[in-house]
Every structure is written in structure tokens, then in C-alpha cells.
Amino acid sequence: MVVFFLIIRRIPASEFLAAFRTLDWRFTALAFIAYLGVNAARVERMFLLVQRKISRRELFSFVFLQNFLNVFFSFSGDAAYLSLVHRAKVVPLGENVASLISAKVLDLVVLAGI
């Protein structure tokens, strides 16, 4: 957030408002829908990896927080995911860590396939 503030601070307000006014909201809406779709797919993946022991609704907030933290603080999002799933007290720690490692391995397989 600090980096975002520092970048925005250097942009004159008139230029920022002009860019905001000329923004094509159709693409913004499409990007937001795609973002929700990607997160829904991540929730489904984690739901299957924790063997359906945590509800999708609860995992949705975990995954959103994990993604937010990963954007700004790299690995801390994964640590937050492990902590949140552990606090739910439904998935044993070994399965919890295994689900995250499995997700990362699946990510690598998909990336290698691209």
C-alpha cells in the first residue's frame, strides 16, 4: 500500500482524474469478473485438496486474503493460508501443509504446460 501511495502521490490530480474519466468500464468489469472467476477456481482447488473439510465459503475468504498478501508481501500469503486453515481446526497440520504444497506443484505443472 505504501508503494501504491508513493506512486499515486507523484501523479498530478488532474491527470489521475482524466485517466479515471476516460477509463472503459466494460474492461474494468470484465477484469473484475475474471478475477472473481480465477479466485473461485482457486477456492475449488483448495476445497478438493483439503478433502472438503472446510466450507467453500470459509475458503473463499482465506484464498482472497492469501492472494492479497502474496501480491504485496510474496510468501506471507501462503503462511496466512496455512494459519487460517489451521485455526479452522478441521484439517490436521500435515494435510494442511500438504494441500498447499500440492497446490504449488499443480501450479508448476500448469506453468510447465504453457
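Here the structure is shown first, and the text comes after it.
Quick look at the structure, then.

Parameters and conventions
- Residues numbered from 1 in each chain as written.
- Predicted model: local features only at pLDDT ≥ 70, side-chain atom pairs only at ≥ 80, totals over all residues.
- Heavy atoms only, no water.
- Helix = DSSP H or I, 4+ residues; strand = E, 2+ residues; numbered from the N terminus.
- Buried < 20%, exposed > 50% of the residue type's maximum accessible area, 1.4 Å probe, protein only.
- Polar contact = N/O pair within 3.5 Å; in protein donor to acceptor, adjacent residues only side chain to side chain.
- Phe/Tyr/Trp six-rings, centres within 6.5 Å; stacked < 30°, edge-to-face > 60°.

We now examine the side chain of Asn 67. Along the chain, the position of Asn 67 falls in helix α4 (residues 56-73). Asn 67 gets classed as buried once you look at its relative accessible area, which sits at 11%. For Asn 67, the side chain forms a polar contact with the side chain of Arg 42, separated by 3.0 Å.

Here we take up the packing of aromatic side chains. For the structure shown, the criterion picks out 3 aromatic pairs. Measuring from ring centre to ring centre gives 5.6 Å for Tyr 35 and Phe 64, while their planes differ by 75°; the resulting arrangement is edge-to-face. Here Tyr 35 is found in helix α3 (residues 25-49), whereas its partner Phe 64 is found in helix α4, with 29 residues between them in sequence. Taking relative accessible area as the criterion, Phe 64 reaches 21% and is therefore assigned partly exposed.

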